[in-house]
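Here is what each chain is made of, one letter per residue.
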Amino acid sequence: MKKNVLITGSSRGIGRAVASAFAEKGWGVCINYIERKDLAEELRDEIISGGGRAIAVKADVADKEQVEEMFKSAEEALGPISVLVNNAGISCHKQFQDIDMATWHRIFDVNVFGCVNCVNAALPYMLHEHEGVIINMSSIWGHHGGSCESVYTASKHAIMGLTRSLSAELAPSHIRVNAISPGVVETDMMHNELNEEELEALKWEIPLERFGRTEDIAKAALYIAEAEYMTGQTIVLDGGYLI
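Quick notes on the rules
- The numbers attached to residues start from 1 for each chain and follow its sequence in the written order.
- Local features in this predicted model are restricted to residues of pLDDT 70 or higher, and side-chain atom pairs are both shown and tallied only at a pLDDT of 80 or more, whereas totals for entire chains, interfaces and linings draw on every residue.
- The basis for every side-chain value is the complete set of heavy atoms in the structure, and neither hydrogens nor water enter the calculation.
- Criterion for a disulfide: a pair of cysteine sulfur atoms at a distance within 2.5 Å.
- Each residue is assigned to one of three classes by its accessible area relative to the maximum for its type, calculated with a 1.4 Å probe on protein chains only: buried under 20%, partly exposed between the two thresholds, exposed over 50%.
- Candidate patch residues must exceed 30% relative accessible area and have no salt bridge, after which like charges are joined if within 9 Å and Val, Leu, Ile, Met, Phe, Trp or Tyr side chains if within 5 Å.
- Computed with a 1.4 Å probe, the accessible areas rest on the Shrake-Rupley method; for each residue, only the protein chains presented here act as cover.
- Between Lys or Arg on one side and Asp or Glu on the other, a salt bridge is scored when a side-chain nitrogen of the former is within 4 Å of a carboxyl oxygen of the latter.
- Just so you know, the count uses Lys and Arg for positive and Asp and Glu for negative, and it drops His and the chain ends.
- Lys charges are placed at NZ, Arg charges at CZ, Asp charges at CG and Glu charges at CD.
- Numbering of helices and strands starts at the N terminus; helices are DSSP runs of H or I of at least 4 residues and strands are runs of E of at least 2.
- Fitted lines through C-alpha atoms give the axes, limited to the stretch in contact for helices. The angle between two N-to-C directions lies from 0 to 180 degrees.
- An angle below 35 degrees is read as roughly parallel, one above 145 as roughly antiparallel, one from 65 to 115 as roughly perpendicular, and any other as oblique.
- Note on contacts: a residue pair is in contact if any heavy atoms of the two residues lie within 4.5 Å.
- Charged means Asp, Glu, Lys or Arg here, nonpolar means Ala, Val, Leu, Ile, Met, Phe, Trp, Tyr, Cys or Pro, and polar covers whatever is left, Gly included.
- By this definition, two strands are paired if DSSP reports at least two bridges between them.
- Any pair of Phe, Tyr and Trp rings, taking the six-membered ring for Trp, is counted once the centres come within 6.5 Å. Such a pair is stacked with planes under 30 degrees apart, edge-to-face with planes over 60 apart, and tilted for the rest.

Quick word on the state of the cysteines
Part 1 of the argument: Inspection of every chain in the model, using the stated rule, returns zero disulfides.
Part 2 of the argument: The thiol of C92 is not disulfide-bonded; the next cysteine sulfur, from C148, is found 9.2 Å away.
Part 3 of the argument: The buried category is assigned to C92, whose relative accessible area is 8%.

Concerning a negative patch on the surface
Part 1 of the argument: On the surface, E65, E69, E75 and E76 cluster together into a patch of negative charge.
Part 2 of the argument: Examined against the element boundaries, E65 turns out to sit in helix α3 (residues 64-77).

Focus: the pattern of salt bridges
Part 1 of the argument: Within the structure shown, the criterion is met by nine salt bridges.
Part 2 of the argument: E35 is paired through a salt bridge with R12; the nearest N and O atoms lie 4.0 Å apart. Of this pair, E35 sits in the loop between β2 (28-33) and α2 (37-49) while R12 is found in the loop between β1 (4-7) and α1 (13-24), placing the two residues 23 residues apart along the sequence.
Part 3 of the argument: Among the residues examined, E35 registers a relative accessible area of 62% and is labelled exposed.
Part 4 of the argument: Take R12: its relative accessible area is 36%, and that puts it in the partly exposed class.

Some points on the packing of helix α4 (residues 101-111) against helix α5 (residues 113-129)
Part 1 of the argument: Look at α4 against α5: their axes get within 3 Å of each other, and the N-to-C directions meet at 30°. The angle between the axes of α4 and α5 places the two elements in the roughly parallel class. Judged by residue contacts, F108, D109, V110 and N111 of α4 engage F113, G114 and C115 from α5.
Part 2 of the argument: Classifying every residue of the contact of α4 with α5 gives four nonpolar, two polar and one charged.

A closer look at the pairing of strand β5 (residues 132-137)
Part 1 of the argument: For β5, the buried fraction is high: six of the six residues fall into the buried class.
Part 2 of the argument: One ladder, built from four bridges, connects strand β4 (residues 83-86) with β5; its direction is parallel. Within β5, the residue paired with N86 across the bridge is N136.
Part 3 of the argument: Note that β5 and strand β6 (residues 175-182) share six bridges and pair parallel. From the neighbouring strand, I134 faces β6, where its bridge partner is V177.

Section: the packing of aromatic side chains
Part 1 of the argument: Within the structure shown, the criterion is met by four aromatic pairs.
Part 2 of the argument: Considering the side-chain rings of F96 and W104, the 6.0 Å spacing of their centres and the 70° angle between planes classify their relative orientation as edge-to-face.
Part 3 of the argument: Residue class for F96 comes out exposed when judged on its relative accessible area of 54%.
Part 4 of the argument: Pairing W104 with F108 gives two aromatic rings, centres 6.2 Å apart and planes at 25°, and the pair type is stacked. Of this pair, W104 and F108 both sit in helix α4, four residues apart, which is roughly one turn of that helix.
Part 5 of the argument: Taken together, the aromatic side chains of F96, W104 and F108 make up a single cluster linked through ring pairs.

So, the environment of A221
Part 1 of the argument: Its location among the elements puts A221 in helix α10 (residues 214-226).
Part 2 of the argument: Discounting chain neighbours no more than four positions away, the residues touching A221 are V18, F22, I135 and I180.

Some thoughts on the sheet that holds β6
Part 1 of the argument: Here we have seven strands laid out as an open sheet, ordered β3-β2-β1-β4-β5-β6-β7, and parallel in their pairing. Two strands lie at the open edges of the sheet, namely β3 (54-58) and β7 (234-237), each paired on one side alone. The sheet shows a mean angle of 15° between the axes of neighbouring strands, taken without regard to direction.
Part 2 of the argument: When β2 meets β3, the two strands line up parallel, connected through five bridges. Paired with V29 across the strands is A54, a residue of β3.
Part 3 of the argument: α1 contacts β1, β2, β4, β5 and β6 of the sheet and is inclined by roughly 175° relative to β1.
Part 4 of the argument: Contacting β5, β6 and β7, helix α7 (residues 150-170) runs over the sheet at an angle of about 160° to β6.

Below, the structure written as structure tokens:
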């Protein structure tokens, strides 16, 4: 049977690199986006022109019905989804007292409940087949916490707790659940939140003296997908920042 993966938030950044990495290994890829249709379709076309299989689907992961429709479209075009990568996420870099409740709700709706919606959509096939892999994207801020990152940190800490609990619950069904906690990775999100002076100072706090690359995270996702004896774990990829 052909292997298929669905990666949320994969039109750019880490998700895009993960999608490309799986496609290079022969996986059918469902590229999910919410705004950048142009980038999602560009990636889809690149994969297809290279002999691969791909589909681009717009869906807000915070919306359960949109998620269900996305999985239906993916299965019709590619076949059942055996690996789910919950990558979609948003952040907020503000002091705690300046974060309104609408922002709290939106970040949790995307970062946490978006993950819940996608897992619920993926599980029927995985439970029926007694196999499957779920990879959740956390963050080093979920481990460490960060100034002006309270809402993002809380959402990513929740992802780690969900990963541990789900891994124990689903292991008897041979469904593996793991997470990746990236450090500071070269993405649009990083540049949107920090100015060049802040980025330069942050870089020298990293023992490997560089920011992560999206390809670093993609390699880890591929490893987890193929590591048959690994579940309930969170891999930290931060260049040594949390040492």
